[in-house]
Amino acid sequence: MRNDPASLISKKIIESNRIVITSHLRPDGDSICTSLALSFMGELLSKEVTIINRDNIPFPFNHFPDIEKIQIGEVPSQPFDMIILLECANVSRSGQKSLDNYFKVNIDHHHSNDYYADINWVDPNASAVGEMVYELGEKLGIQFTPQIANHLYSAIVSDTGSFQFSNTTAKSLGVCYKLVNQGADPIKVSDRLFNNNLPEKIKLLGQVLSTLQMNKKGNIAIITMFKENLQSLNLREIDTEDITTLARSIKGVEMVLFFKEMGKDTFRISIRSKDTANAALIAEKFGGGGHLHAAGFTVSGKYEKLLKEIPEKVDTLLKKQTEI
Ligand SMILES: [Mn+2]
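Caption draft 1: Summary view of the coordination of the manganese ion. Binding of the manganese ion to the protein goes through Asp30 (OD), Glu87 (OE), His109 (NE2) and Asp159 (OD), at separations of 2.0 to 2.3 Å. Given a relative accessible area of 0%, aspartate 30 falls into the buried group. A relative accessible area of 4% means that glutamate 87 is categorised as buried.

Caption draft 2: Expanded view of the sheet that holds strand 6 (residues 119-122). The parallel open sheet is built from 6 strands, whose spatial order is 3-2-1-4-5-6. Of all strands in the sheet, those bounded by a partner on one side alone are strand 3 (70-72) and strand 6. Neighbouring strand axes in the sheet, compared pairwise and without regard to direction, differ in orientation by 20° on average. As defined by bridge partners, strand 5 (residues 104-108) adjoins strand 6 across 4 bridges and the pair is classed as parallel. Bridge pairing links valine 105 to isoleucine 119 in strand 6. Where helix 2 (residues 29-44) meets the sheet, it contacts strand 1 (18-23), strand 2 (48-53), strand 3 and strand 4 (82-86), and its direction lies at approximately 165° from that of strand 2. Set on the sheet, helix 3 (residues 129-139) makes contact with strand 5 and strand 6; between it and strand 5 the angle comes to about 125°.

Caption draft 3: How the structure looks around the nonpolar core. Counting residues in each nonpolar core, the largest one holds 49 residues, and the members touching the most others are Ile84, Ile107 and Leu179. With residues up to four places along the chain from it excluded, the contact list for isoleucine 84 reads Ile13, Ile19, Val20, Ile21, Thr22, Leu38, Val105 and Ile107. Membership of the second largest hydrophobic core comes to 23 residues, among which are Ile222, Phe259, Ile282 and Val299.

Caption draft 4: Local environment of the domain arrangement of the protein chain. The assigned domain composition of the protein chain is domain 1 (5-194) and domain 2 (199-323). Centre-to-centre separation of domain 1 and domain 2, based on C-alpha positions: 30 Å.

Caption draft 5: A look at the sheet that holds strand 12 (residues 294-300). If you trace the 6 strands from one edge of the open sheet to the other, you get 7-8-9-10-12-11, paired in mixed fashion. At either end of the open sheet lies a strand with only one pairing partner, and these are strand 7 (213-214) and strand 11 (289-290). Note that strand 10 (residues 266-273) and strand 12 share 7 bridges and pair antiparallel. Bridged to isoleucine 271 within strand 12 is alanine 295.

Caption draft 6: Broad picture of the environment of threonine 298. With respect to the secondary-structure elements, threonine 298 resides in strand 12. The class of threonine 298 is partly exposed, set by a relative accessible area of 43%. Along the sequence, threonine 298 and valine 91 sit 207 residues apart, while their C-alpha atoms lie 25 Å from each other. For threonine 298, the residues in contact, after removing those within four places along its chain, are Thr266, Phe267, Arg268 and Phe286. Among the polar contacts listed, one links the side chain of threonine 298 to the side chain of arginine 268, at a separation of 3.2 Å.

Cut-offs applied
- Going along each chain's sequence as written, the residues are numbered from 1 onward.
- Reporting of local features is limited, given that this is a predicted model, to residues whose pLDDT is at least 70; pairs of side-chain atoms are given and counted only at 80 or more, and all residues count toward the totals for whole chains, interfaces and linings.
- Processing note: side-chain calculations cover all non-hydrogen atoms of the structure and skip hydrogens and water entirely.
- Metal donors: N, O and S atoms at distances within 2.8 Å, or within 3.2 Å for Na, K and Ca, with water omitted from the atom set so that some sites may seem incomplete.
- In this scheme, a residue with accessible area under 20% of its type's maximum is buried, one over 50% is exposed, and one in between is partly exposed, where area comes from a 1.4 Å probe on protein chains only.
- Pairing between strands requires that DSSP locate at least two bridges from one strand to the other.
- Helix and strand definitions here come from DSSP, where helices need a minimum of 4 consecutive H or I residues and strands a minimum of 2 consecutive E residues; each element is numbered from the N-terminal end.
- What counts as an axis is a line fitted to C-alpha atoms, over the stretch in contact for a helix, and the angles between N-to-C directions run from 0 to 180 degrees.
- The contact criterion used throughout is that any non-hydrogen atoms of two residues lie within 4.5 Å.
- Among the buried residues, those of types Ala, Val, Leu, Ile, Met, Phe, Trp, Tyr and Cys that are joined through side-chain atoms within 4.5 Å form a nonpolar core.
- As annotated, the domain borders come from an automatic or database domain assignment.
- Contacts described as polar in this section are N or O atom pairs within 3.5 Å, which, within protein, must combine one atom able to donate a hydrogen with one able to accept it, while residues neighboring in sequence count only if both atoms come from side chains.

Now the structure itself:
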């Protein structure tokens, strides 16, 4: 037996009977769909597989098939043979408190990972954990069913932004090619992912986009969502990623600053960036954090003042980045 992490994980899965899978807090499409695929793979091997996440399933994944398999709550402290943590940089990222006595498997495709588990498989070159779990399935000799193929394909499409983000590689496309051959339906998956909007959401998009401001240089776009936008449309929390994507599509824009009013004179600012513009480095300067192209921080102050000051500071920081 080879001793690369994927082979070690497949060996451990074969030896185990009862397996539990969990994802990070505020789980995303990649971890949710991959956990479903992994659970069906386990069942093909006659394993008893349970998925338990700390946080609820967000839209639109809460309407995905098989989603009822995912339990929300605490992983019990004992009765499983192993736990698989998907995209958790450390145990606390899972929000689970009773994992001390577990045999832990850590599968992640992000750079920053604490290598805390008994087997750590961290591959920053993978587009998604969906791609990694496909490889694991091949090692396990799984006959991929259309159901499994659809979940893994959804995971990869979701994490690559429909093959538009920089994590799209020949390998991720190659895995998707195989998944479609094994029964994944790209049209159905796209429909589930993208054609599920409420009319109110589209109205909100109009309102937020109408706040668009550009800095003088034209490399920073600023949009704002006020509490009253949500209230007037009777919306509570809603995924606003596609609004940012539209602002980022403006020619010459390197970075989008999305101001979200959280309370009186308090704003959460989400940063989305393109190419070499590093969103995480900017967010860190303001006490926040995140990834290369997606990060955020919170600020307090009068909106008009922040709207003037923050983009200026961000542009200065961006300039410094290009000087390095
Ligand atoms: Mn992912």
